Amino acid sequence: MTEAYNAWKLASLSPWPLWALLLLGAALLASVLLALRGLREEPRLGRRAALVSLRALAALAALFLVLEPAVQLLQTARVKNRLAVLVDASRSMRFPLEPGGPTRAEAAAAFLRDHRADLERLGDRAALEWHTFDRDLSPSDPGALGRGAEPRGGRTDLLSALQGLSGTGSGRRLAGVVVISDGTDNGALAEGITPAARQRLRELRAPVTTVAAGRDAPRDLAIERVAVDDFAFVRNTLTVEATLHARGFEGEPVQVTLRREGQVVASATVRLERGKERYTVPLSFAPDTTGTFVFTVQAPVFPGEAVVENNARSFVLRVIRDRVRVLLVAGRPTWDERFLRGLLKQDPNVDLISFYILRTASDRSGPQEELSLIPFPVNEIFGEQLRTFDAVLFVNFAYEPYRSFGIEGYLPRIRDYVRSGGGFAMLGGEQSFGDARYGQTPLAEVLPVDSTDGLGLAEEEVRVRLTPEGRRHPVTGLSGDGPGDAAWAALPPLPLLNRTRPLPPESGARVLLEAPSVLVLGRPAPVVAVREVGAGRTLAVTTDSSWFWGFLAAEEGGSPRAYQRFWNAALRWLVRDPSLTPLQVAPDRPAVEPGEPVGLSVQVRGPDWGPAPGAQVTGELVGEDGKVAARGQAAAGPDGVARLELTPPAPGAYRIVATGPPAAPGAPPERASSAVAVRASGPEDADAAPRPELLRAIAEATGGAFVSLPSRSLPEIPLAEPDVVEVGRRKDVPIWDRLHFLLLLAAALGAEWILRRRWGYW
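Just so you know, these numbers come straight off a predicted model, no measurement behind them. Along each chain, residue indices are assigned from 1 in the same order as the chain's sequence is written. Two thresholds apply to this predicted model, a pLDDT of at least 70 for residue-level local features and 80 or more for giving and counting side-chain atom pairs, whereas whole-chain, interface and lining totals are computed over all residues. By convention in this description, side-chain values take in all heavy atoms of the structure and omit both hydrogens and water.

Caption draft 1: Structural view of the overall build of the protein chain. Helix and strand assignments follow DSSP, with helices taken as H or I runs no shorter than four residues and strands as E runs no shorter than two, numbered in order from the N terminus. Broken down by element type, the protein chain carries 17 helices and 37 strands. By definition, residues are in contact when any of their heavy atoms lie within 4.5 Å. Across the protein chain, the fraction of contacts at a sequence separation of at least 24, relative to all contacts at a separation of at least 6, is 75%. Surface exposure of the protein chain reaches about 35,600 Å², of which carbon and sulfur atoms provide 52%. Under the convention used here, a 1.4 Å probe and the Shrake-Rupley method define accessible areas, while residue burial counts only the protein chains that appear.

Dropping the structure here:
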């Protein structure tokens, strides 16, 4: 019945445990060594050799009999492993195999049609499976691969595709892989085969045969890379470094331009040289406005180029203020003014212009030349220069004594400055609010508190309390940026407060801090109030003692950080820091590949600065021509965030415009903007050159073969040996139970005993 078995192996039938067998083996070895030691004084080498050999033969015979060796007959079968055929389906396969020839994808399809039968003949040794790949692995069939579908993949990741084969095939091992590709890898092998990548290739434990589609690089001009910072400062020179990759050109002048949403902001000319392919082109410009913009570096298109989409490359740049320009006008030096001015001067992001005008409301007005050694530049500051300031602060300043200066005539300008986007803050004191009769001026139209009547000062210890709006507002405590209820309650009390009244909610004003011990018409007096007015913002701090929150807090063992956080947040809010606006929009990615949708996240906050669930928002993509290329609408979720996904537009630079509900009744709808670049070319189009050297290196690292198209021959495909598994019965045939093995042991022991007696050892 041995014909039913097709394999065998040696086995032990001994019932003894392993430790006992090891102990016996050690004892037998010791007996041989003891025999050798007992004969060390024997001068005749022949006698020593004979006796030691007999002892060793007896020990081996004893060990053989104890192990009880047998031949184990087996029924086995060879399991077919997998042979995977991978065809590159990325966009670089659209390039011609050679100038004027078919595309790389067409050449790959023709190669498969010619050799499909040869590959299928390997089916008796391995199970064939067919795939396409780009950044992911997708199953396919040989018929579709032979017809040559349009390659559309945006990236090529050879190593990920090869490692992805481990997740297919029902657990069976790979016998081999055939890869048909141009080798333009954008993943782990983009820089070649590193030691780590080589190790990952070896872990496949299968030879990879590679077929290179393409040998020569076509004629092409491309913007390969753009090096630029994530942000730039307005009115400061910025240099963008573009890498120009030119292949197949010589002597031509190339003008490289930098455009901001269609407008040329910089350009440079490069003359191409023989033997040189890469050029670094610096493009310098000074952005003149803040915001987020799409910039495009572009090179001209020459006749005969393989790819025209890679002649331009777009990127998104955020332009921010280098310094916030603040005008501070004080009626007289005070501790509050001193601390605030010191805080602003220490901030490197603030350009502070400050004036002291040492007059009080009771002083007699007169000609400016009689009241000031240095004329106060009213016309310059409140005239043509007013709009150059991001924020204006009035600290305990009364305008009444300066009628002869003409200040009263400029108050409407300050009002209009606020409505058109400026920031204005008024700080308290005996020369502020109603005591200075500001409630009877045009500024009353934009102030966040009602100071029509002179209600006087509350000269008592005043502790402040956060309002519900104040707990959410960025000035006094949004998301932990400012102190909370307990921290505000722990601050020192204020010794003075201007009595004012809160405005009705429909005005858009919000009280953030109030004084519960100071009542005005039965309601707590405002301490800090804010207001959205048109495109601008105003802030009221109805005390000249906010410095207590810093100096006295530190003196009492606390920290001055509450004071610093409050004024830093207040100034950022006044100048409309993009991170502190009620409506914010951001793309999921600053640049998207061709054909990908543009995802947007819109954060909406209500008038109380809390999330605005259910708020309707609109998102638009506006092209360089000013036309809306895509539009979408969504409602904010419970967290106040609305998600939009807009239809992929054509390649280009797009401004994102989000529109939400007004921040206050009667105010215009809130708007936020950002930018996104839809690239004309992705990584696959950046360089049209094939990389046969990479495919050859993969084959060498794994023990596979290599061939380059348009060769029509199929190389011999090496395959790993199949796994052998036991599929049926087994039978043990003992070989130790023969009489001659026992006789051999007895003969060895007897011969040694006889020789020892004859030679006088016993």
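After presenting the structure, the write-up continues.
Caption draft 2: Representation of the confidence of the model for the protein chain in the model. A score between 0 and 100, pLDDT records how confident the predictor is in each residue. Across the protein chain, pLDDT averages 83, with 90% of residues at or above 70. Ranking the elements of the protein chain by mean pLDDT puts helix 8 (residues 368-371) last, at 46, and strand 27 (residues 536-541) first, at 94. A low-confidence stretch, residues 478-482 (pLDDT under 50), is modelled with 10 contacts involving residues beyond four sequence positions or located in other chains.

Caption draft 3: Representation of the sheet that holds strand 36 (residues 706-708). Strand pairing requires that DSSP identify at least two bridges connecting the strands. Here 6 strands make up an open sheet; going across it, the order is 5-4-3-6-7-36 and the pairing mixed. The two strands at the open ends of the sheet, each matched to only one other strand, are strand 5 (137-139) and strand 36. For this sheet the average axis-to-axis angle between neighbouring strands, irrespective of direction, equals 25 degrees. Relative to strand 4 (residues 126-133), strand 3 (residues 81-88) is paired through 8 bridges, and the arrangement is parallel. Within strand 4, the position partnered with A84 by the bridge is E129. Packing of helix 3 (residues 104-120) onto the sheet brings it into contact with strand 3, strand 4, strand 6 (174-181) and strand 7 (208-212), and relative to strand 4 it is tilted by some 165 degrees. Convention adopted: a line fitted to C-alpha atoms gives each axis, helices being fitted over their contacting stretch, and angles between N-to-C directions are expressed from 0 to 180 degrees. Packing of helix 16 (residues 692-702) onto the sheet brings it into contact with strand 6, strand 7 and strand 36, and relative to strand 7 it is tilted by some 165 degrees.

Caption draft 4: Representation of the pattern of salt bridges in the model. Every case where a carboxyl oxygen of Asp or Glu lies within 4 Å of a side-chain nitrogen of Lys or Arg is listed as a salt bridge. Evaluated as defined, the whole model comprises 26 salt bridges. In this structure, the salt-bridge partner of R415 is D416, at a minimum N-O distance of 3.1 Å. Overall, the relative accessible area of 33% leaves D416 in the partly exposed class. Each of the salt bridges in this network shares a partner with another, and the network as a whole consists of R415, D416, R419 and E445. The buried label goes to any residue with under 20% of its type's maximum accessible area, the exposed label to any with over 50%, and the partly exposed label to all in between, with areas taken from a 1.4 Å probe on protein chains only.

Caption draft 5: Spatial organisation of the sheet that holds strand 32 (residues 628-635). With respect to topology, 5 strands assemble into an open sheet ordered 29-35-34-31-32, the strand pairing being mixed. With partners counted over all chains shown, the strands left at the sheet margins are strand 29 (591-592) and strand 32, one partner each. The pairing of strand 31 (residues 616-622) with strand 32 spans 7 bridges and is antiparallel. When the sheet's bridge partners are listed, G619 is paired in strand 32 with G632.

Caption draft 6: Representation of unusual backbone geometry. Positive phi outside glycine occurs at E68, with the angle close to 50 degrees. Inspection of the secondary structure assignment puts E68 in the loop between helix 2 (45-67) and strand 2 (69-79). For L521, which is not glycine, the phi dihedral falls at a positive 55 degrees.

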